[in-house]
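# Descriptive structure summary
As a plain string of letters, each chain reads:
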Amino acid sequence: MALIALAADKGSPGVTTAAVALSAVWPRRVLLAEADPAGGDLVYRSAAAHGGPLNPNTGMLSIAATARRGLVPDQLWDHVQPLSGGLEVLVGLGIAEQAAGLAGLWPTLGHAFHSLADSPHAAADVIADCGRISGDTPAVELFPHAALVLLVSRTEPEAIARVRDRAAALAGKLHGGSRGAASLGTPMIGVVLIADTGTAGKLASQVNDMLVHAQTGARVVGTIADDPAGADQLAGRRRGRLDKSLLIRSARKVAADLYQQYGAAWAASAQANQAPQAHHAPHAPGQMQGHAGAGA
């Protein structure tokens, strides 16, 4: 099991929506961490399992004091809140100014997120919503601990150009330079496109060819449907069969493809460090009834 970090270069391509959707259909137990230094969205958009609002003071804000004294991975669960539907969330900061309280702690958090997979008590993958990143965002300090860094992008030409350049910059930072497709570094840098389902396959192939040609070391790992109605259902703003939405169906395919390619290696790594545990059923979107929460 592993840490998967989601981020975007600029704008609001749907990082939080993608992170929540992937978490909702992830095939193992998962912790969704709102690790955006600019602040999280779920506390404003989502209901807690008890039906009331999420507590904004329990999550990334409360974990700062614990982390300064050292952070054992299992301590993450002390700061987690379940959403309606059961998805377990580490609620993000309220405002960007609160990120000062996490100064110097991002590598500690990254190590804890990564090591949660090896917990003998409550192992889980971590999907971290890191929001928009730039050269100086502290969330980048999580990335060396990740198995995958997924850049979320829409398909306008300027968005594709930015994700290409951001992937190359991350390859330089994380791998010591850009790499060709035959020599992928760790963590792997992937791109998830938010696209219309009718053109998603063709666009994914074209963008992947561009990333390979530019020797970014990144490649397209999947597409998530540009589905405003599904995003509204996920955020609890609209009723409907969330599990039938294009958003969830496409997120399920991305999650399944990732696990088909990398899950065996993640599982082997985790099993080498922990005793066997009972299987944890995924959070079916149908159980969520559209109240998991989503944002930009």
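Anyway, here's the lowdown on the structure attached to this text. One numbering rule holds for all chains: residues counted from 1, following each sequence as written. Residue-level local features of this predicted model are given only where pLDDT is at least 70; pairs of side-chain atoms are given and counted only at 80 or more, and the full residue set underlies all totals for whole chains, interfaces and linings. The side-chain quantities take in all heavy atoms of the structure and omit both hydrogens and water.

### Overview of the overall build of the protein
Helix and strand definitions follow DSSP, with helices as H or I runs of at least four residues and strands as E runs of at least two, each counted in order from the N terminus. Helix and strand counts for the protein stand at 9 helices and 8 strands. Think of it in three bands: with a 1.4 Å probe and only protein chains considered, a residue is buried below 20% of the maximum accessible area for its type, exposed above 50%, and partly exposed in between. Per-residue burial over the protein gives 53% buried out of 296 residues. Working rule for contacts: check all heavy atoms of both residues, and any pair within 4.5 Å makes them a contact. A separation threshold of at least 6 residues defines the contact pool for the protein, and within that pool the share at least 24 residues apart is 78%. Accessible surface is estimated by sampling points in the Shrake-Rupley manner with a 1.4 Å probe; for residues, cover comes only from the protein chains shown. For the protein, the exposed surface amounts to about 12100 Å²; the carbon and sulfur share of it is 51%.

### Comments concerning the pairing of strand 1 (residues 3–8)
Across the 6 residues that make up strand 1, a large majority, 6, are buried. Of the two faces of strand 1, the one carrying Leu3, Ala5 and Ala7 and the one carrying Ile4, Leu6 and Ala8 are both buried. Sheet analysis places strand 1 next to strand 5 (residues 125–132), joined by 5 bridges and oriented parallel. Counted as the bridge partner of Leu3 is Val126 from strand 5. A strand pair is defined by DSSP finding two or more bridges across the two strands. Across 4 bridges, the pairing between strand 1 and strand 6 (residues 148–153) is parallel. The residue bridging Ile4 from the neighbouring strand is Leu148, located in strand 6.

### Let's talk about the environment of Leu242
Its place among the elements puts Leu242 in the loop between helix 7 (228–234) and helix 8 (246–271). Once the C-alpha coordinates of Leu242 and Gly230 are considered, the two residues, 12 residues apart in sequence, prove to be 6.6 Å apart.

### Quick word on the side chain of Gln81
Structurally, the position occupied by Gln81 is in strand 3 (residues 81–82). A relative accessible area of 9% places Gln81 in the buried class. Two N or O atoms form a polar contact when they lie within 3.5 Å of each other; inside protein one atom must be a possible hydrogen donor and the other a possible acceptor, and for residues adjacent in sequence the pair counts only when both atoms belong to side chains. From its side chain, Gln81 meets the backbone oxygen of Thr58 in a polar contact 2.8 Å long. Leave out the neighbours within four places in its chain, and Gln81 touches Leu54, Asn55, Thr58, Leu87, Glu88, Val89 and Val91.

### Here's the deal with the pairing of strand 8 (residues 218–225)
Counting buried positions along strand 8 yields 6 of 8 residues, so the element is predominantly enclosed. Of the pairings in the sheet, the one linking strand 7 (residues 188–195) to strand 8 comprises 7 bridges and is parallel in character. Each bridged residue has a counterpart across the sheet, and for Leu193 the counterpart in strand 8 is Thr223. Crossover handedness for the path strand 7 to helix 6 (residues 200–213) to strand 8: right-handed. When the strands point away from the viewer, a crossover counts as right-handed if the route from the first strand across the helix to the second turns clockwise.

### Concerning the packing of aromatic side chains
Note on aromatic contacts: the rings of Phe and Tyr and the six-membered ring of Trp form a pair at centre separations within 6.5 Å, being stacked when their planes are under 30 degrees apart, edge-to-face when over 60 apart, and tilted otherwise. Inspection of every chain in the model, using the stated rule, returns 1 aromatic pair. Across from the ring centre of Trp77, 4.1 Å away, lies the NZ or CZ of Arg29, which sits over that ring. Only when the NZ atom of a Lys or the CZ atom of an Arg is both within 6 Å of the ring centre and within 35 degrees of the ring normal do we say a charge sits over the ring.

### Focus on the environment of Asp227
Of note, Asp227 is situated in the loop between strand 8 and helix 7. Classification of Asp227 as buried rests on a relative accessible area of 13%. C-alpha separation for the pair Asp227 and Asp196, spaced 31 residues apart in sequence, amounts to 7.9 Å. With residues up to four places along the chain from it excluded, the contact list for Asp227 reads Ser245, Leu246 and Leu247. Here the side chain of Asp227 touches Leu247 through a polar contact of 3.0 Å, landing on its backbone nitrogen.

### Looking at the pattern of salt bridges
One speaks of a salt bridge when a side-chain nitrogen belonging to Lys or Arg is within 4 Å of a carboxyl oxygen belonging to Asp or Glu. Under the defined criterion, the tally for this structure stands at 8 salt bridges. Where Asp226 meets Arg154, a salt bridge forms, and the shortest distance between an N and an O atom there is 3.4 Å. In this pair, Asp226 sits in the loop between strand 8 and helix 7 while Arg154 sits in the loop between strand 6 and helix 5 (157–175), placing the two residues 72 residues apart along the sequence. Connected through salt bridges with shared partners, the residues Asp9, Arg162 and Arg166 form a single ionic network.

### Regarding helix 5
Spanning 19 residues, helix 5 covers 26 Å between terminal C-alpha atoms, matching the ideal 27 Å at 1.5 Å per step. The complete set of buried residues in helix 5 reads Ala159, Ile160, Val163, Arg166, Ala167, Leu170, Ala171, Leu174 and His175. The buried residues of helix 5 all sit within an arc of 145 degrees when viewed along its axis, so they share a single face. Away from the buried face of helix 5 by more than 90 degrees, exposed residues Pro157 and Lys173 are located. Elements that come into contact with the buried residues of helix 5 comprise strand 6, strand 7, helix 6 and strand 8. Any helix carries an expected span of 1.5 Å times its number of residues minus one. The reported arc concerns the directions from the helix axis to the C-beta atoms and nothing else.

### Quick look at the sheet that holds strand 4 (residues 88–90)
Strand order in the open sheet formed by 8 strands is 3-4-2-5-1-6-7-8, and the pairing between neighbours is mixed. Strands at the two margins of the open sheet, each flanked by one partner only, are strand 3 and strand 8. Of the strand pairs in this sheet, strand 3 and strand 4 are connected by 2 bridges, and their pairing is antiparallel. When the sheet's bridge partners are listed, Pro82 is paired in strand 4 with Glu88. The axes are straight lines fitted to the C-alpha atoms, using for helices just the contacting stretch, and the angles between their N-to-C directions are given from 0 to 180°. Taken strand by strand, helix 6 contacts strand 7 and strand 8, and its axis lies near 160 degrees from that of strand 8.

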